[in-house]
Amino acid sequence: MSDTLFETFCTGQNNDQTLNLLLDNLDNYVYVSCCDTGELLYANKKMRTLHGWKETPLGKLCWQVFRNSGSGPCAGCLRESGSLKEGECHTWEEYKPETGRYYKNTDSLITWTGGLKAYMQQSVDITDFKNAEYMLAQQLERQQFLSKLLLNFSSSEDLETQLSEALKILGETLKVNRAYLCQDLAEHKIYKVIYTWRTEDAPSPLEEYYSYAKGMRERQRLLDENMLTVADTSIFSEEKLTRLHLSGVKALLYVTVYVHGALWGFLGVDGCRTVRN
């Protein structure tokens, strides 16, 4: 909203009610604070509903109201730094953990009731847009992944080379440190690592054979759900440590592989740098 429009509303008599009615019917979250002190002068109905205030926050400092902070103004505050000039708008995006939503904010300087120089922020919830943007990026990434796989398996290389390259494509797409294909052996008591790929900074290569003995519970989850994901391997109790911590694994994903309806083995990837979400 332009400064001129605000000034028009604020120069005549009895215009406060009209201004409040206008701002309360906007589909934006709006608040106004004093430029010099940060004292909250106004918050529209949508903003009040969002925060569920049981008492008026007017008169309190904006950073105490919105950030619940007693330590001072927010880092990078344009009002505090005085870097925002009259007639300018600054637009930026943020994620608020307290609401779990994304917002697009527009900051500007305005002339408030009584000629007071004030700072106004208008916010629009863009969470749905951000989610759609993320889903589109994921879809594009999957398409690129599948295209690379198709090209790989269309090559004239032997199957072993194709499978090794496919693991490399998978690992790089998922941004993990290791990818491998394992076969169940000895009536599903052990598994053998058939093919593997790892980054240069990954821990030492996997051993060729592993026993299920210490991980039967996790293996059963894999068989029941055809997938096992562990975002943080620290959830494994001390007595149940398998190869995970020993080989520096912080997160993992297993997917079962069936051949002609019978369990053949599983495809696995390991993240060794950080836990995943």
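The preceding data block contains the structure.
Predicted model only: the values in this text are computed from it and were never measured.

1. Topic: the nonpolar core
Of all hydrophobic cores here, the largest spans 15 residues; its most connected members are Y31, M47, F66 and Y119. Contributing elements (two or more residues each) for this core: strand 1 (29-34), strand 2 (40-43), helix 4 (62-66) and strand 4 (101-112). The dominant element in this core, judged by the number of residues it contributes, is helix 4, at 4 residues. Beyond its immediate sequence surroundings of up to four residues, Y31 is in contact with L40, Y42, A43, M47, C62, F66, Y119, M120 and Q121.

2. Focus on the packing of aromatic side chains
Two aromatic rings are characterised by how far apart their centres lie and by the angle between their planes. Tallied over the entire structure, the rule returns 9 aromatic pairs. For the pair Y29 and Y103, a centre-to-centre distance of 5.9 Å together with 80° between the ring planes defines the contact as edge-to-face. With Y29 in strand 1 and Y103 in strand 4, the pair connects residues that are 74 residues apart, well separated along the chain. We note that Y29, like Y103, is buried. Seen from their ring centres, Y191 and F266 are 5.1 Å apart, and the 70° between their planes marks the pair as edge-to-face. With Y191 in strand 7 (residues 190-198) and F266 in strand 11 (residues 262-271), the pair connects residues that are 75 residues apart, well separated along the chain. These aromatic residues form a ring-pair network of at least three members: Y31, W53, F66 and Y119.

3. Looking at a negative patch on the surface
A cluster of acidic side chains, namely E157, D158, E160 and E165, defines a negative patch on the protein surface. Within the fold, E157 resides in the loop between helix 6 (127-153) and helix 7 (159-174).

4. Notes on unusual backbone geometry
Of note, the phi angle at K175 is positive, near 60°, even though the residue is not glycine. With respect to the helices and strands, K175 occurs in the loop between helix 7 and strand 6 (178-185).

5. Re the sheet that holds strand 1
Pairing within the open sheet is antiparallel, and its 5 strands lie in the order 2-1-5-4-3. Each edge of the sheet is formed by a strand with only one pairing partner; in this case those strands are strand 2 and strand 3 (89-96). Going across the sheet, the axis of each strand differs from the next one's by a mean of 25°, ignoring polarity. Pairing of strand 1 with strand 5 (residues 116-125) involves 6 bridges; the strand directions are antiparallel. Bridge pairing in strand 5 links Y29 to S123. Along the sheet, helix 6 contacts strand 3, strand 4 and strand 5; its crossing angle with strand 4, the most-contacted strand, is approximately 140°.

6. Notes on the pairing of strand 11
In this structure, strand 6 lies alongside strand 11, joined through 6 bridges in antiparallel fashion. Residue Y180 lies in a different strand from strand 11, and its bridge partner there is G268. Pairing of strand 10 (residues 251-259) with strand 11, which is carried by 9 bridges, proceeds in the antiparallel orientation. The residue bridging Y254 from the neighbouring strand is G268, located in strand 11. Taking the residues between adjacent antiparallel strands as the criterion, strand 10 and strand 11 are bridged by 2 residues, where H260 takes a positive phi near 55°.

Definitions and cut-offs
Residues numbered from 1 in each chain as written. Predicted model: local features only at pLDDT ≥ 70, side-chain atom pairs only at ≥ 80, totals over all residues. Heavy atoms only, no water. Core = buried A, V, L, I, M, F, W, Y, C linked by side-chain atoms within 4.5 Å. Buried < 20%, exposed > 50% of the residue type's maximum accessible area, 1.4 Å probe, protein only. Helix = DSSP H or I, 4+ residues; strand = E, 2+ residues; numbered from the N terminus. Contact = heavy atoms within 4.5 Å. Phe/Tyr/Trp six-rings, centres within 6.5 Å; stacked < 30°, edge-to-face > 60°. Patch = residues over 30% accessible without salt bridge, like charges linked within 9 Å, V, L, I, M, F, W, Y side chains within 5 Å. Areas by Shrake-Rupley, 256 points an atom, 1.4 Å probe, with all protein chains shown as cover. Salt bridge = Lys/Arg side-chain N within 4 Å of Asp/Glu carboxyl O. Lys, Arg positive; Asp, Glu negative; His and termini not counted. Charge placed at Lys NZ, Arg CZ, Asp CG, Glu CD. Pairing = 2+ DSSP bridges. Axes fitted to C-alpha atoms, helices over the stretch in contact; angles between N-to-C directions.

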